[in-house]
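Structural description and commentary
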Amino acid sequence: MNAAVCAEKLAVAPPKQPYRHVSGKTEAFVMTRSLTRFLPRSAALAATAALAATAVACGAPPVPGVSSDYSVTRAGDGHVLRWNPCATIRWRLDARLEPGAMPQVSSALNTLGSATGLSFVYDGTAAYTPQPNKWNQPSALVVSFARHSGAVQGSNYLSGAGQIGEGGWTASGTSQANIRIVEGYAVIDTDLYNRSTGNVRAATLLHELAHSVGLNHAAFKSEVMYPMLTGVSPTFYAAGDLSGLRAVGSGAGCI
Ligand SMILES: [Zn+2]
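Residues numbered from 1 in each chain as written. Predicted model: local features only at pLDDT ≥ 70, side-chain atom pairs only at ≥ 80, totals over all residues.

1. Focus on the overall build of the chain
A count of helices and strands for the chain gives 6 helices and 7 strands. The linear arrangement of helices and strands in the chain, starting from the amino end, is α-β-β-α-β-α-β-β-β-β-α-α-α. Taken over 255 residues, the chain has a buried fraction of 45%. Long-range pairs, those at least 24 residues apart, make up 74% of the contacts in the chain with a sequence separation of at least 6. (Helix = DSSP H or I, 4+ residues; strand = E, 2+ residues; numbered from the N terminus. Buried ≥ 20, exposed ≤ 12 C-beta atoms within 10 Å, placed from the backbone. Contact = placed C-beta atoms within 7 Å.)

Structural data, given as structure tokens:
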């Protein structure tokens, strides 16, 4: 594939859109946040897949990222909202719509664990679709493959308008000092996932799972946490992602 072809394909990159926090509210010692919008809603998925393939075929070098390019959420007293890294995080996989997903999800969680120092322990499968304002998760962390809002086995987190996934968390505590993330989720639009390249799938899982441990969006395309897929989207946690994951990880001690 020559440079002209690369340029042509990159030219179909969708316009930027502002970061969007799908929901987020703060109450007394209870905070929730749902984030994402990882695929451009305006672009056909085929174009997105072509972009991702282009990044590889054109030999785009890995972008190291910018170490300061990350965002986290803080409690009222200023501490970074994160899981207690001194306890294991039990998780379940809802793979009813994606029976072969376990290796990919497990790989992403291993990468996330290495980057954060958090310990994820598999609790088994679940038949559970995350929904906004639904609080009865079968495990602290749930990774689910669902359909878009309004479809059978749909999640209202997924718009169906090019959004490939969403991740978020709920934090609570008995005081501002010990408020911490106690539940998280990553929900993936299985239809878009299935039509995506391996690179897009890997980046999507890394992105949404990082949300589930408290990492917000980055400003630059060089990070996995950039809110949209682009022709240069990394398939690994780049420098800013890694800084942010350390900030929500075990380095800051027990909560
Ligand atoms: Zn996101």
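There's more to say after this.
2. Focus on the confidence of the model for the chain
Summing up the model confidence of the chain, the mean pLDDT is 82 and the portion of residues at 70 or higher is 76%. Of the regions scoring below 50 in pLDDT, residues 1-28 engages in 36 contacts with residues more than four places distant in sequence or in other chains. pLDDT under 50 marks residues 40-60. Its contacts with residues more than four places away, or in other chains, come to 48 contacts. (pLDDT = per-residue confidence, 0-100.)

3. Some points on unusual backbone geometry
Phi at Asn133 is positive, roughly 60°, even though this residue is not glycine. You can see Asn133 is positioned in the loop between strand 4 (120-125) and strand 5 (141-146). A positive phi is found at Gln153, a non-glycine position, where the angle reads about 60°. Note on placement: Gln153 falls in the loop between strand 5 and strand 6 (165-172). Take Gln153: there are 15 C-beta atoms within 10 Å of it, and that puts it in the partly exposed class.

4. A look at the pairing of strand 6
Judged by how many residues are buried, strand 6 sits mostly within the fold: 6 of 8 residues are covered. Relative to strand 7 (residues 180-189), strand 6 runs antiparallel, the two sharing 8 bridges. Counterpart to Glu166 in the pairing with strand 7 is Val187. (Pairing = 2+ DSSP bridges.)

5. Some points on helix 5 (residues 198-212)
The end-to-end C-alpha separation of helix 5 is 21 Å, in line with the 21 Å expected for 15 residues at 1.5 Å each. Counting buried positions over the 15 residues of helix 5 gives 13, a clear majority of the element. Trailing helix 5 by a residue or two, Gly214 shows a phi angle of about 105°, which is positive. (Expected span 1.5 Å × (residues − 1).)

6. A short note on helix 6 (residues 239-247)
The complete set of buried residues in helix 6 reads Gly240, Asp241, Leu242, Ser243, Gly244 and Leu245. At its buried positions, helix 6 is contacted by helix 3 (102-116) and helix 5.

7. Structural notes on the packing of helix 3 against helix 5
At their nearest, the axes of helix 3 and helix 5 sit 9 Å apart, and the two run at 50° to each other. By the angle class used here, helix 3 and helix 5 are oblique. In the packing of helix 3 onto helix 5, the handedness of the crossing is right-handed. Only Arg201, Ala202, Leu205, Leu206, Leu209 and Ala210 of helix 5 make contact with helix 3, whose side of the interface consists of Gln104, Val105, Ala108, Leu109, Thr111 and Leu112. Each residue belonging to the contact of helix 3 with helix 5 can be placed in one class, and the counts come to 9 nonpolar, 2 polar and 1 charged. (Axes fitted to C-alpha atoms, helices over the stretch in contact; angles between N-to-C directions. Parallel < 35°, antiparallel > 145°, perpendicular 65-115°, else oblique. Left-handed = near helix turned anticlockwise from the far one by under 90°. Nonpolar A, V, L, I, M, F, W, Y, C, P; charged D, E, K, R; others polar.)

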